[in-house]
Amino acid sequence: MQVKIESSWADKLSGEFEQEYFAELTNFVKKEYQEGKVYPAPRNIFRAFDLCPFDAVKVVILGQDPYHGAGQANGLCFAVDEGTALPPSLQNIFKEIESDLGKLLVHRGGDLERWAKQGVLLLNATLTVRAHTAGSHQGKGWEQFTDAVIRALSEGRENLVFILWGNYAKAKGAHIDRSKHLVLESAHPSPFSAASGFFGSKPFSKTNDCLVEHGKPPIDWL
């Protein structure tokens with residue numbers, strides 16, 4: 001099956017594209033786009049991969065579902081299109097960056113492409129969603145696909161940083177090889193849980209400390 005995804009990822013994930021579950025997933029997603037409103041736009045389904053080739057990945061931030069409101073989901077977890085109001089979780093992420101690094105953000109737009117181009121894979125567990133219906137594309141095969149992504153990175157790379165916010169992300173990251181990679185876990189940045197361990201967790205400075213320790217340029221989070 002031909003999938004429009006960045007070439008290094010196409011190579012690493014070619015076995016997934018040939019499996020029956022992926023054919024069923026593709027048929028489901030195509031039907032959803034034909035019959036109603038689905039986010040993100042089709043061209044952005046694999047945007048996280050297109051902006052961050054396999055060998056360029058330094059950091060993985062794991063989300064759950066794309067946003068399901070108009071003008072929000074753009075293929076990068078926690079991100080929204082420029083000019084769109086920042087969702088509460090992203091507002092809290094930005095607050096923690098400023099607190100953690102002791103500096104004010106330079107870029108206040110929500111797209112986060114600037115992170116992806118530096119090697120941050122902004123990966124949702126489910127890559128599509130029906131408009132205004134949270135979780136509507138869960139259990140259709142995306143989770144199996146993104147598990148394969150995490151497995152490929154865990155096995156094929158060394159000294160990556162995986163940032164897992166909330167119980168869902170922690171469970172999905174359970175099989176990461178922690179002898180090879182740094183795994184940072186905390187509460188989710190959602191307003192319902194941010195005060196229970198996300199604020200003050202300092203994932204951004206910890207990530208950069210790890211990258212520098214292993215001879216990699218730090219991420220400019222600001």
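Above this text sits the structure in question.
Keep in mind that this is a model prediction, so the values were computed, not measured.

Q: What am I meant to see in helix 3 (residues 20-35) here?
A: Helical periodicity: at 3.6 residues per turn, an α-helix aligns residues three or four positions apart in one direction. Here helix 3 spans 23 Å end to end across 16 residues, near enough to the 22 Å set by a 1.5 Å rise per residue. Packed against the buried residues of helix 3 are helix 2 (14-17), strand 1 (38-39), strand 4 (129-130) and helix 7 (142-156).

Q: Sorry if this is basic, but what is going on with helix 7 here?
A: In a regular helix each residue adds 1.5 Å, so 15 residues correspond to 21 Å; helix 7 covers 21 Å between its end C-alpha atoms and thus fits that length. Considered for burial, the residues of helix 7 that qualify are Trp142, Glu143, Phe145, Thr146, Ala148, Val149, Ile150, Ala152, Leu153 and Ser154.

Q: Is there a simple way to think about the packing of aromatic side chains in this case?
A: For any pair of aromatic rings, geometry is given as the distance between the ring centres together with the angle between the planes. Taken as a whole and judged by the stated rule, the model has 19 aromatic pairs. Among the aromatic residues, ring-to-ring pairing joins Trp9, Phe17, Tyr21, Phe22, Phe46, Phe49, Phe54, Trp142 and Phe145 into one connected group. Its end group placed over the ring of phenylalanine 28, lysine 140 keeps NZ or CZ at 5.0 Å from the ring centre.

Q: Looking at this structure, how should I read the pattern of salt bridges?
A: Where charged atoms from two side chains of opposite charge approach closely, those side chains can pair. Per the counting criterion, the structure on display carries nine salt bridges. Measuring nitrogen to oxygen at the nearest pair gives 3.9 Å for the salt bridge that ties glutamate 16 to arginine 151. Linking glutamate 16 in helix 2 with arginine 151 in helix 7, this pair joins segments that are 135 residues apart in sequence. Note that lysine 31 is salt-bridged to glutamate 35, the shortest N-O span being 3.2 Å. One end of the pair is lysine 31 and the other is glutamate 35, both in helix 3 and four residues apart, which spans about a single turn. Given the relative accessible area of 46%, lysine 31 is considered partly exposed. Owing to a relative accessible area of 57%, glutamate 35 belongs among the exposed residues under this scheme. What you see here is one network of salt bridges that share partners, running through Arg47, Asp111, Glu113 and Lys117.

What counts and how
- Residues numbered from 1 in each chain as written.
- Predicted model: local features only at pLDDT ≥ 70, side-chain atom pairs only at ≥ 80, totals over all residues.
- Heavy atoms only, no water.
- Helix = DSSP H or I, 4+ residues; strand = E, 2+ residues; numbered from the N terminus.
- Expected span 1.5 Å × (residues − 1).
- Contact = heavy atoms within 4.5 Å.
- Buried < 20%, exposed > 50% of the residue type's maximum accessible area, 1.4 Å probe, protein only.
- Phe/Tyr/Trp six-rings, centres within 6.5 Å; stacked < 30°, edge-to-face > 60°.
- Lys NZ or Arg CZ within 6 Å of the ring centre and 35° of its normal.
- Salt bridge = Lys/Arg side-chain N within 4 Å of Asp/Glu carboxyl O.

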